Amino acid sequence: MTFVAINVIQVPADKASILEERFSARKGAVDQAPGFQSFELLRPVAGQDDYLVITRWDQEADFAAWQASESFERGHQSDPSGAGKQRPVASSATLWTFAVVQESA
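As a convention, each chain's residues are numbered from 1 in the sequence order in which they are written. Local features in this predicted model are restricted to residues of pLDDT 70 or higher, and side-chain atom pairs are both shown and tallied only at a pLDDT of 80 or more, whereas totals for entire chains, interfaces and linings draw on every residue. Note that the side-chain values use all heavy atoms of the structure and ignore hydrogens as well as water.

Asks: Explain the overall build of the chain to me, please; I cannot follow it from the model alone.
Replies: Helices and strands together make up the secondary structure of the chain, namely three helices and four strands. Per-residue burial for the chain yields a buried fraction of 28% across its 105 residues. Here, residues are in contact when the closest pair of their heavy atoms is within 4.5 Å. The long-range share in the chain, meaning contacts at least 24 apart out of those at least 6 apart in sequence, stands at 68%. Residue exposure ignores everything except the shown protein chains as possible cover, and the areas themselves are Shrake-Rupley values with a 1.4 Å probe. Split by element, the accessible area of the chain, about 7,200 Å² in all, is 50% carbon and sulfur. Under the DSSP-based scheme used, a helix requires at least four consecutive residues in state H or I and a strand at least two consecutive residues in state E, with every element numbered from the N terminus. Think of it in three bands: residues with accessible area under 20% of the maximum for their type are buried, residues over 50% are exposed, and the middle band is partly exposed, with areas taken using a 1.4 Å probe on protein chains only.

Structure below.
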């Protein structure tokens, strides 16, 4: 059963471009993780400042393994050049997880 992880990231408007640049700099970094299916970064368009990062996985264990990986650590704690820690741009983040029980494409 497909597993979906949605990271809800609250980002002040003046930091939104920084968040998008950071995701752009590591585009494709998760693509080779075992069990990975897809990734989406959704920008809010009206009335909110929450970005959604949506990933789909074959199973929850695949997502957990990616979270424990060196690739995840590099992407979330250091700048793309590896020079050191980046300052957070989000004011908060919440992780939602789901099992897909029905879908249509």
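Asks: Looking at this structure, I do not really get the nonpolar core. What am I missing?
Replies: One recurring pattern in soluble globular proteins: nonpolar side chains tend to sit buried together. Here, nonpolar core means buried Ala, Val, Leu, Ile, Met, Phe, Trp, Tyr and Cys residues that are tied together by side-chain atoms lying within 4.5 Å of each other. Listed in full, the nine residues of the largest apolar core are Phe 3, Ala 5, Val 30, Ala 33, Phe 36, Trp 57, Phe 63, Trp 66 and Phe 72. Apart from the residues lying within four places of it in its own chain, the contact partners of Ala 33 are Trp 57 and Trp 66. One finds Ala 16, Leu 19, Phe 23 and Val 89 within the second-largest nonpolar core, a separate group that totals eight residues.

Asks: Explain helix α1 (residues 16–25) here, please?
Replies: Working note: α-helix, 3.6 residues per turn, so residues spaced by three or four point in the same direction. For α1, the full list of buried residues reads Ala 16, Leu 19 and Phe 23. Summarising the axial view, the buried residues of α1 lie within an arc of 65 degrees, below the 170-degree limit, and thus occupy one face. Relative to its buried face, α1 has exposed residues pointing more than 90 degrees away, namely Glu 21 and Ser 24. Those residues of α1 that are buried lie in contact with β1 (3–10), β2 (36–42) and β3 (50–57). To obtain the arc, one takes the directions from the helix axis to the C-beta atoms.

Asks: Any chance you could explain the sheet that holds β3 here in plain terms?
Replies: The strand order β2-β3-β1-β4 describes an open sheet built from four strands, whose pairing is antiparallel. With one partner strand each, in any of the chains shown, β2 and β4 (92–99) form the two edges of the open sheet. Recorded for the sheet is a direction-independent mean angle of 15 degrees between the axes of neighbouring strands. We treat two strands as partners when DSSP finds at least two bridges between them. Pairing of β1 with β4 involves eight bridges; the strand directions are antiparallel. Bridging from a neighbouring strand, Ile 9 pairs with Ala 93 of β4. Against the sheet, α1 contacts β1, β2 and β3, and its axis sits at roughly 20 degrees relative to β3. Under this scheme, a helix contributes an axis fitted over its contacting stretch, all axes are lines through C-alpha atoms, and angles between N-to-C directions fall in the 0 to 180 degree range. Sheet contacts for helix α2 (residues 60–67): β1, β3 and β4; angle to β3, the most-contacted strand, approximately 120 degrees.

Spatial relationships are all this shows, so hold off on functional conclusions.
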